[in-house]
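Below are the chains, spelled out letter by letter.
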Amino acid sequence: MQNMNRVGLALSLWLLLPLHVFALTFSITPGSDIVGRVQTATALSGEDFHDIGQKFDVGYYELVEANPGINPGNPGAGTAIIIPTQYILPHGQRKGIVINLAELRLYYFHKGQNLVTTHPIGIGRREWETPLGSGKIIEKTKNPSWRPPDRIRAWYEENEMYLPEVVYPGPKNPLGKYAMRLSIPGYLIHGTNASRGIGIRSSSGCIRMHPEDIESLFYKVSIGDPVRIIHQPYKIGRHRNQVYAESHEPLSGSYYHKLSEEEVFEQAVEQAVITGAKFNKDDAREALERSHGYPILVN
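None of these values were measured; they are calculated from a predicted model. Residue positions within a chain follow its written sequence, with the count starting from 1. Only residues with pLDDT of at least 70 are given local features in this predicted model, and only at 80 or more are side-chain atom pairs given and counted; all residues enter the totals for whole chains, interfaces and linings. As a rule here, side-chain values cover all heavy atoms of the structure and leave hydrogens and water aside.

### Looking at the layout of surface pockets
Moving on, step 1. Only protein atoms enter the 1 Å grid used here. Points where a 1.4 Å probe fits but cannot escape make up a cavity, open sets with protein on both sides within 12 Å along at least five of seven lines make up a pocket, and a residue lines them when an atom lies within 4 Å of a point. Grid points are joined across faces, edges and corners, and a volume is the space filled by probe spheres set on the points. Of the voids in this model, the largest pocket is the one considered here, and its volume is about 700 Å³.
Moving on, step 2. Forming the walls of the largest pocket are 34 residues, and the residues nearest its centre are Trp-146, Pro-149, Ile-152, Pro-174 and Leu-175.
Moving on, step 3. Secondary structure elements follow DSSP: runs of H or I no shorter than four residues count as helices, runs of E no shorter than two count as strands, and numbering proceeds from the N terminus. For the lining of the largest pocket, the secondary structure elements donating two or more residues are strand 10 (133-142), helix 4 (150-158), strand 11 (178-182) and strand 12 (188-190).
Moving on, step 4. Among the elements that take part in the lining of the largest pocket, helix 4 stands out by supplying 4 residues, more than any other.
Moving on, step 5. Each residue receives one of three labels: charged for Asp, Glu, Lys and Arg, nonpolar for Ala, Val, Leu, Ile, Met, Phe, Trp, Tyr, Cys and Pro, and polar for the others, Gly being one of them. Residues belonging to the lining of the largest pocket are distributed by class as follows: 19 nonpolar, 8 polar and 7 charged.

Structure (structure tokens):
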């Protein structure tokens, strides 16, 4: 909690919210890299981190990072939970869809507006990694049918599980009610019939979203909109002439570890310097070590 007090921007709020926040949409202040505010909530009897995350449109592991020492399966009624709804925007072009796998979070930058909408996502589990790269939306489908690719059918056969050639629209369809195909072959952004797979590595490589979130995004996005898939576990950004750092646990597996941890840190520093941020590297390193998945003041 001391870290929160040191972030003047990240005020702890008590908010009365509906059962599910359909989208977190923020105005981007010119010259600032940070949006949103950290909140607090009180766990209700029987709630776990999946339940709390769905209320606030925050992912499971985001809550785990922000609340070390609290049992995610049974935090206990009355326990204060930090809701990390403040973000340093990913480095790079702010256009279309940006998916930061290290955060398990998707950002949509509105056309012609200083607005960003962000959602938690489920991504590829180990050995089914979601690929890094750039592409675009090439198809949008409402009530899609799922035709499992050969690699998934082979996995089901190896594990003696039945999988039909086509799963038609309905409650058993893992794509949910909306799907958007990427130009990266074989990959979709889609809904789900298993919301507990949001905020964790749960898919066969595609990007999963809460049903309410994909519906909201589906009608914002156009064919041809760019999509950039990145892995930025460390982010450094500015707000009101101050510098903040935000860290997330890098994804495990050699797929995402083409750079050493030190090289990833240096990359974050270089990207921040490009934006005009001025800071001491040692202070930034210390702040990243103290961050629990939300921005911490550097110095």
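Back to the write-up after that little detour.
### Details of helix 5 (residues 211-218)
Turn by turn, an α-helix covers 3.6 residues, leaving residues three or four places apart pointing in a common direction.
Moving on, step 1. With a 1.4 Å probe rolled over the protein chains alone, any residue whose accessible area is under 20% of its type maximum counts as buried; one over 50% counts as exposed, and the rest are partly exposed. Among the residues of helix 5, Asp-213, Ile-214, Leu-217 and Phe-218 are the ones counted as buried. Summarising the axial view, the buried residues of helix 5 lie within an arc of 130°, below the 170-degree limit, and thus occupy one face. In this description, one arc is meant: the one made by directions from the helix axis to the C-beta atoms.

### Focus: the nonpolar core
Moving on, step 1. Definition of nonpolar core: a set of buried residues of the types Ala, Val, Leu, Ile, Met, Phe, Trp, Tyr and Cys, connected through side-chain atoms within 4.5 Å. Residues Ile-97, Ile-99, Leu-106 and Ile-189 are the most contacted members of the largest nonpolar core, which totals 24 residues.
Moving on, step 2. Counting residues per element, the ones that place at least two in this core are strand 6 (96-100), strand 7 (105-109), strand 11, helix 5 and strand 15 (226-230).
Moving on, step 3. If we ignore the near neighbours within four places in the chain, the residues touching Ile-189 are Ile-97, Ile-99, Leu-106, Ile-137, Tyr-178, Ala-179, Met-180, Leu-182, Ile-207, Met-209 and Ile-214. When checking whether two residues touch, look at their non-hydrogen atoms; a contact exists if any pair is within 4.5 Å.

### Considerations on the packing of aromatic side chains
Moving on, step 1. Two aromatic rings, drawn from Phe, Tyr or Trp (for Trp, its six-membered ring), form a pair once their centres lie within 6.5 Å of each other, and the interplanar angle then sorts them: stacked below 30 degrees, edge-to-face above 60, tilted otherwise. A full pass over the atoms with the stated rule returns 8 aromatic pairs.
Moving on, step 2. Geometrically, the ring pair formed by Tyr-87 and Tyr-107 is edge-to-face, given 6.2 Å between the ring centres and 85° between the ring planes. Separated by 20 residues along the polypeptide, Tyr-87 in strand 5 (residues 86-88) and Tyr-107 in strand 7 bring together distant segments of the chain. Note on accessibility: Tyr-87 and Tyr-107 belong to one class, buried.
Moving on, step 3. Ring geometry for Tyr-178 and Tyr-219: centres 5.9 Å apart, planes at 75°, overall edge-to-face.

### Focus on unusual backbone geometry
Moving on, step 1. Although it is not a glycine, Leu-104 sits at a positive phi angle of roughly 55°.
Moving on, step 2. Within the fold, Leu-104 resides in the loop between strand 6 and strand 7.
Moving on, step 3. Unlike most non-glycine residues, Glu-160 shows phi in positive territory, near 55°.
Moving on, step 4. With respect to the helices and strands, Glu-160 occurs in the loop between helix 4 and strand 11.
Moving on, step 5. Residue classification places Glu-160 among the exposed positions, given a relative accessible area of 77%.

### Description of the sheet that holds strand 1 (residues 24-27)
Moving on, step 1. The sheet built from 9 strands is open, its strands ordered 1-8-7-6-15-10-11-12-14 with mixed pairing. The open sheet has two edge strands, strand 1 and strand 14 (207-208), and neither has a second partner.
Moving on, step 2. Sheet topology places strand 11 next to strand 12; 3 bridges connect them, and they run antiparallel. Bridge pairing in strand 12 places Ala-179 opposite His-190.
Moving on, step 3. Running at roughly 60° to strand 11, helix 5 makes contact with strand 6, strand 7, strand 8 (115-120), strand 10, strand 11 and strand 12 of the sheet. Any two strands with at least two DSSP-identified bridges between them are counted as paired. Geometry is summarised by axes, namely lines fitted to C-alpha atoms with helices restricted to the contacting stretch, and by angles between N-to-C directions that run from 0 to 180 degrees.

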